[in-house]
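Chain residues, written in single-letter form:
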Amino acid sequence: MRILSGIRPSGTLHLGNYIGAIQQWLGLQREHEVYYMVADLHAITTPYDPKTFQAQIRDVVADYLAAGLDPKHATIFVQSHVPEHTQLMWVLSSLTPTGELNRMTQYKDKLRGGALANAGLLTYPILMAADILAYRAECGPVGEDQVQHVELARDLAKRFNRMFGKTFPEPQPLLSQGKRIMSLKEPDKKMSKTNDDGIALTDAPAVIQRKIAKAVTATRGGGTSAGVENLFLMLRTFAEPNVVGRFERAERDGAIKYAELKTALAEAIVHHFAPFRKRRKEILADATALDRVLTDGARRARLIAGETLAAGYTTIGLR
Ligand code: TRP
């Protein structure tokens, strides 16, 4: 199976990205033909700083590599390095009713959140469809908030095939199996890059300890709170089974001390990401090697995307 996915470089990757996406990507790279990109073109649809943008993009690439994505198995590249994505997007734009774009949940949420209604924000899902279809990928592993976008990619593939003849497979969203990690301060929202309480993969041990220590555990009217559930979810992901078991029993017996749970959780996270922090530093220290990964990734990606675009142009009468 061919798979494409990406993450916007709009902040340091955090535990939510790790459990929701990267962990799954690691599994997929061994069995499938995978393309993992940094979606820099999607990131410029919302405010960002051009001065730090390159560093931010490279940080995400370093995160990918340090987490264990391997250029030998996965094609790792930056979206804007492969111009075929935007070229194919134009073709798909002509097949997309604007009404469908106006109805997209993420678009409406962003406007409600105060974002400027620029055309890039509106056509964001068409570029995402082009990302996927350029590789004739069968699926995009995405979080729940992106499922609607993959469905648009699927509709566009169908429409293209119907109008011009079978060209694209119909991609399926591959939902991340991992549960969503929630915000530490507001456990009814998902952990995000913009929330200052998100635990970044790069956070120093002392920062991790401080953030976890401040996590909300209060229960409203007894029972387990969403905050506590969130802490347990992370504990199960990162701690040894015997540690998890000890706290689960304490919770059941009503004898749990949340301060102890938090200390154990912080320790587990610090321990789990120690090799990651070390590798990431080494990767960022060798700019030439990182450049090589990206040049090679873009070359491999363009081979496939270029072929798809050429075939598409011929199919629709542009060649
Ligand atoms: N829009 C996605 C997000 O914000 C990132 C993305 C861009 C993506 N292109 C993609 C994900 C293609 C999957 C497939 O999470």
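Located above this text is the structure these notes cover.
The paragraphs below set out a description of the structure included in this document. (Residues numbered from 1 in each chain as written. Predicted model: local features only at pLDDT ≥ 70, side-chain atom pairs only at ≥ 80, totals over all residues. Heavy atoms only, no water.)

Attention shifts here to the side chain of Ser 5. Tracing the chain through its elements places Ser 5 in strand 1 (residues 2-7). With residues near it in sequence (within four places) discarded, Ser 5 still touches Trp 25, Tyr 35, Tyr 36, Met 37 and Pro 141. (Helix = DSSP H or I, 4+ residues; strand = E, 2+ residues; numbered from the N terminus. Contact = heavy atoms within 4.5 Å.)

Attention shifts here to the site of the ligand. Near the ligand you find 13 residues, and of these Arg 8, Met 37, Tyr 124, Asp 131 and Gln 146 are the closest. Between Tyr 124 and the ligand, the recorded distance is 2.7 Å, taken from a side-chain N or O atom to a nitrogen atom. In the environment of the ligand, a nitrogen atom lies 2.7 Å from a nitrogen or oxygen atom belonging to the side chain of Asp 131. In isolation the ligand offers 370 Å² of accessible surface; the protein chains occlude 92% of this area. (Near = heavy atom within 4 Å. Polar contact = N/O pair within 3.5 Å; in protein donor to acceptor, adjacent residues only side chain to side chain. Areas by Shrake-Rupley, 256 points an atom, 1.4 Å probe, with all protein chains shown as cover.)

Helix 7 (residues 119-133) packs onto helix 4 (residues 84-93) with a crossing angle of 120° between their chain directions and a minimal axis gap of 8 Å. In this structure, the crossing between helix 4 and helix 7 has a hand that is right-handed. Residue-level inspection shows His 85, Thr 86, Leu 88, Met 89, Leu 92 and Ser 93 of helix 4 in contact with helix 7, the latter providing Thr 123, Ile 126, Leu 127, Ala 129, Ala 130, Asp 131 and Leu 133. A breakdown of the residues in the contact of helix 4 with helix 7 according to their chemical character gives 8 nonpolar, 4 polar and 1 charged. (Axes fitted to C-alpha atoms, helices over the stretch in contact; angles between N-to-C directions. Left-handed = near helix turned anticlockwise from the far one by under 90°. Nonpolar A, V, L, I, M, F, W, Y, C, P; charged D, E, K, R; others polar.)

What follows concerns the environment of Pro 205. Relative to the helices and strands, Pro 205 is located in helix 9 (residues 205-213). When the C-alpha atoms of Pro 205 and Thr 217 are compared, they prove to be 21 Å apart, with 12 residues separating the residues in sequence. Setting aside chain neighbours within four positions, we find Pro 205 in contact with Val 270 and Arg 277.

We now examine the packing of aromatic side chains. Using the criterion set out here, one finds 11 aromatic pairs in the structure. Geometrically, the ring pair formed by Trp 25 and Tyr 36 is stacked, given 4.3 Å between the ring centres and 10° between the ring planes. With Trp 25 in helix 1 (residues 15-31) and Tyr 36 in strand 2 (residues 33-38), this residue pair connects regions lying 11 residues apart in the sequence. Each member of the pair, Trp 25 as well as Tyr 36, carries the same accessibility label: buried. Between Phe 273 and Phe 276, the ring centres sit 5.9 Å apart and the planes meet at 85°, which makes this aromatic pair edge-to-face. We note that Phe 273, like Phe 276, is buried. Through a chain of ring-to-ring contacts, the aromatic side chains of Tyr 18, Phe 238, Phe 273 and Phe 276 assemble into a single cluster. (Phe/Tyr/Trp six-rings, centres within 6.5 Å; stacked < 30°, edge-to-face > 60°. Buried < 20%, exposed > 50% of the residue type's maximum accessible area, 1.4 Å probe, protein only.)

A separate point is the side chain of Arg 280. Mapping Arg 280 onto the fold places it in helix 13 (residues 274-285). Setting aside residues no more than four positions away along its own chain, Arg 280 makes contact with Asp 59, Ala 62, Asp 63, Ala 66 and Thr 202.

Let us look at unusual backbone geometry. Here Arg 136, not a glycine, exhibits a phi torsion of approximately 45°, which is positive. Here Arg 136 shows up in the loop between helix 7 and strand 4 (139-142).

With that out of the way, let us pick up the nonpolar core. Leu 15, Ile 22, Tyr 64, Phe 238 and Ile 269 are the most contacted members of the largest nonpolar core, which has 63 residues in total. Each residue touching Phe 238, except ones within four places of it in the same chain, is listed here: Leu 15, Tyr 18, Ile 19, Ala 268, Ile 269, His 272 and Phe 273. Membership of the second largest hydrophobic core comes to 42 residues, among which are Tyr 124, Val 150, Ala 301 and Tyr 313. (Core = buried A, V, L, I, M, F, W, Y, C linked by side-chain atoms within 4.5 Å.)

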